[in-house]
Amino acid sequence: MEKKIIIDFLEKIELFQSLEKEEFDTVAQNITTRNFAPKTMLFAENRPREYIFIIYKGEVELFKKSPSGVEIMLSVFRRLDFLGEGSLTDDSQHSTSARARIKTEVFCLHKDFFAANGPIALKIFSNIARVISRRMRQTNARAVSLSAQYESGRTRREQDLLGERDVPDEYYYGIQTLRALENFNITGVTLNFYPVLVQSLAMVKMAAAKANYDLGLLSSPLSDAIIKACCEIINGKYIYHFVVDMMQGGAGTSTNMNANEVIANRALEILGHEKGQYRYCHPNNHVNMSQSTNDAYPTAIKIALIRSNEGLVHVLTELIKAFRDKADEFAHVIKMGRTQLQDAVPMTLGQAFEAYAVTLEEEIQRLNENVRLFLEVNLGGTAIGTGINALPGYSSAVIENLRKITGYEIVVSFNLVEATQDTGAFVMYSSAIKRLAVKLSKICNDLRLLSSGPRAGFNEINLPPMQPGSTIMPGKVNPVIPEVVNQIAYKVIGNDLTVTMAAEAGQLELNVMEPVMVFSLFESIEMLKNGMETLNHRCIKGITANEKRCRELVENSIGLVTALVPYIGYEECGRIAAEALQSERSVYDLVLEKKLMSKKELDIVLLPENMITPKGLF
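Quick summary incoming for the structure in this document. If you're wondering where the values come from, they're calculated on a predicted model, not measured in any experiment.

About the criteria used
- Residues numbered from 1 in each chain as written.
- Predicted model: local features only at pLDDT ≥ 70, side-chain atom pairs only at ≥ 80, totals over all residues.
- Heavy atoms only, no water.
- Helix = DSSP H or I, 4+ residues; strand = E, 2+ residues; numbered from the N terminus.
- Rg over C-alpha atoms; globule rule 2.2 N^0.38 Å.
- Contact = heavy atoms within 4.5 Å.
- Areas by Shrake-Rupley, 256 points an atom, 1.4 Å probe, with all protein chains shown as cover.
- Phe/Tyr/Trp six-rings, centres within 6.5 Å; stacked < 30°, edge-to-face > 60°.
- Buried < 20%, exposed > 50% of the residue type's maximum accessible area, 1.4 Å probe, protein only.
- Patch = residues over 30% accessible without salt bridge, like charges linked within 9 Å, V, L, I, M, F, W, Y side chains within 5 Å.
- Salt bridge = Lys/Arg side-chain N within 4 Å of Asp/Glu carboxyl O.
- Pairing = 2+ DSSP bridges.
- Axes fitted to C-alpha atoms, helices over the stretch in contact; angles between N-to-C directions.
- Lys, Arg positive; Asp, Glu negative; His and termini not counted.
- Charge placed at Lys NZ, Arg CZ, Asp CG, Glu CD.

## A few points about the overall build of the protein
Phase 1 of the analysis: Counting its regular elements, the protein contains 21 helices and 16 strands.
Phase 2 of the analysis: By the compact-globule yardstick of 25 Å for 618 residues, the protein is too spread out, its C-alpha radius of gyration being 34 Å.
Phase 3 of the analysis: The contacts in the protein between residues at least 6 apart in sequence include a share of 72% that link residues at least 24 apart.
Phase 4 of the analysis: As presented, the protein carries roughly 28600 Å² of accessible surface, and 53% of it is formed by carbon and sulfur atoms.

## Things to note about the packing of aromatic side chains
In this description, a pair of aromatic rings is defined by centroid distance and the angle of the planes.
Phase 1 of the analysis: Counted by the stated rule, this structure contains 15 aromatic pairs.
Phase 2 of the analysis: On the numbers, 4.9 Å between centres and 75° between planes, the contact of phenylalanine 9 with tyrosine 56 is edge-to-face. Residue phenylalanine 9 is located in helix H1 (residues 3–10), and its partner tyrosine 56 is located in strand S3 (residues 51–57); the two are separated by 47 residues in the primary sequence. Of the two residues, phenylalanine 9 and tyrosine 56, both sit in the buried class.
Phase 3 of the analysis: When the ring of phenylalanine 323 is compared with that of tyrosine 356, the centres are 5.6 Å apart and the planes differ by 65°; the resulting orientation is edge-to-face. Residue phenylalanine 323 is found in helix H10 (residues 293–329), and its partner tyrosine 356 is found in helix H11 (residues 349–371); the two are separated by 33 residues along the sequence.

## Details of a nonpolar patch on the surface
Phase 1 of the analysis: The grouping of Val438, Tyr490 and Ile493 at the surface amounts to a nonpolar patch, some 270 Å² of accessible area in total.
Phase 2 of the analysis: One can find isoleucine 493 in helix H15 (residues 480–504).

## Here's the deal with the sheet that holds S3
Phase 1 of the analysis: The 4 strands lie next to each other as S1-S8-S3-S6, forming an open sheet whose pairing is antiparallel. Among the strands making up the open sheet, the edge pair consists of strand S1 (32–36) and strand S6 (82–83).
Phase 2 of the analysis: Inspection of the sheet shows S3 paired to S6 by 2 bridges, in the antiparallel sense. Across the sheet, isoleucine 54 pairs through a bridge with phenylalanine 82, a residue of S6.
Phase 3 of the analysis: Across the sheet, H1 touches S3 and strand S8 (104–110), and the angle it forms with S3 is around 100°.

## Concerning a positive patch on the surface
Phase 1 of the analysis: Positive charge collects at one region of the surface, where Lys12, Lys57, Arg79 and Lys103 lie side by side.
Phase 2 of the analysis: A relative accessible area of 47% means that lysine 57 is categorised as partly exposed.

## Some thoughts on the pattern of salt bridges
Phase 1 of the analysis: Applying the stated criterion to the full structure yields 38 salt bridges.
Phase 2 of the analysis: Among the salt bridges present, the one from glutamate 555 reaches arginine 551, with a minimum N-O distance of 3.2 Å. Residue glutamate 555 and its partner arginine 551 are both found in helix H17 (residues 547–555); the two are separated by 4 residues, about one turn of the helix.
Phase 3 of the analysis: Take arginine 551: its relative accessible area is 28%, and that puts it in the partly exposed class.
Phase 4 of the analysis: Taken together, the salt bridges that share partners define one network made up of Glu59, Glu61, Arg78, Arg99 and Arg101.

## Regarding the pairing of strand S10 (residues 163–168)
Phase 1 of the analysis: One ladder, built from 6 bridges, connects strand S9 (residues 155–160) with S10; its direction is antiparallel. When the sheet's bridge partners are listed, arginine 157 is paired in S10 with aspartate 166.
Phase 2 of the analysis: Here S9 folds back onto S10 in antiparallel fashion, the turn holding 2 residues.

## Observations regarding the sheet that holds strand S5 (residues 71–77)
Phase 1 of the analysis: Spatial ordering of the open sheet is given by S2-S7-S4-S5, a layout of 4 strands whose pairing is antiparallel. The outermost strands of the open sheet, each flanked by one partner alone, are strand S2 (41–43) and S5. When the angles between neighbouring strand axes are averaged without regard to direction, this sheet yields 30°.
Phase 2 of the analysis: Sheet analysis places S2 next to strand S7 (residues 97–100), joined by 2 bridges and oriented antiparallel. Considered in S7, the bridge of phenylalanine 43 is made with alanine 98.

The values are spatial; any link to function lies outside them.
Below you can see the structure in the form of structure tokens.
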């Protein structure tokens, strides 16, 4: 290959920035060219480092093997990327392996070159240090994936109103997302933790692209590329390029720009351009056309919450079924009912579990009623609801497209100015989630009480043992699953308060606190889904009844006297109860002794099975 071609290529590589013309000439003289067939190894894990590899044509995949021998894909490198720069700085072995994916041509530079060319080596080492520093900063600030530390080192220069920055070229996000990464390293919970939110953002952007094409604002190739990029995201690709922290300032602008930049850069590739060449497809001018964060972001949130609610209801339905199955299983088990933790009247254990099923079943209706509030959106209102920068007819067009994409009966708000500042739907849905959490917590309190003991408590049911319960008390097993659901409920209740306060904090034409509402709602939904699944499969399905213990408690209870009120009166029953408690004798014996009822009558009335449903007087 001609030396001029090699030099022209090397000038584009970040590793060789700042070299003089003569120095480029020296490097080019020491370059060797190698061709690799598909699946051929460039270097292997635990082998000595010798070369730095600069990809001229083709693709190289970087991977690592787990202890069990499974390959873990780390990254894919393409033209202008370089690998193996560690060869220039030490004699250690490769920590990863590299393999050609397709026919690949590579420039190779042996590490001995640097020992013989000190001034050039110093400049290249300086560039390597900058690359490694950036890799470590990205890895520490946001552990997006295992491959974060294996960036190629190549960057692209982007600019915004605050200046210019170098963006790692592997990533589809751009400069505004990069600034958000630096500004909002808050919770460590990023957008990609909730793929449904990322996919819903893509749905909104797709609907907008279709509407803008229909209105003659986007060309067919451009709209097609944006739509295809959105489809890929909806289908699960590029989710890990949505890296902004869920907790952020700016009313969701960083989230919206993360979506705009990823979609724009992927669309650029589809159009045959390189990432960052925004003159062909711009994040704001094209992907965000006819939109504002203030209408696109809340619309995407609402779609995501509708979709998430479907999953929540599904898990809840499965839990209800588990309680109902136990109700059938325990229908014959007589136990003592209690009010205010005091003996009341007999019931069946099945009735208790059926009550749990019914009380949770009510929450399906509540959740579905409240989530329907999200079908009303402000898309088309742009900044504050006036529709500035959107053509007449855009709102109806984008809503129609969004209905087709999502399958939901989405409607545009009657008053877009009001809808842009209103967050009442979030408050209502949050309250429904809180109500479910409160009921779950109450049920778990009951399970802990009913299983308490085993010798010094109620001991009416057995929870499946999940783990040893004490580091000091041998044999102790704790009700850890109900306990964790209790704690989830407390967090959900706190999140509801956060949503309430954030909704109240809205000012004038916009509520800038939507990100914390979104974070709180999605966190609550995910915790409840996980908590209910855990409660179902690790607790409810494995519960057994201590039938003998339940019956003993009933037969020895003073609460049986309640059944005698229609026959001997409230006052007499009160005296019997007091005497039974004081003398530690049974109600049955005292009634017979005082000849208040015959044995035959008493046996019928005090039969526990006769006290669990309404009965007429004999």
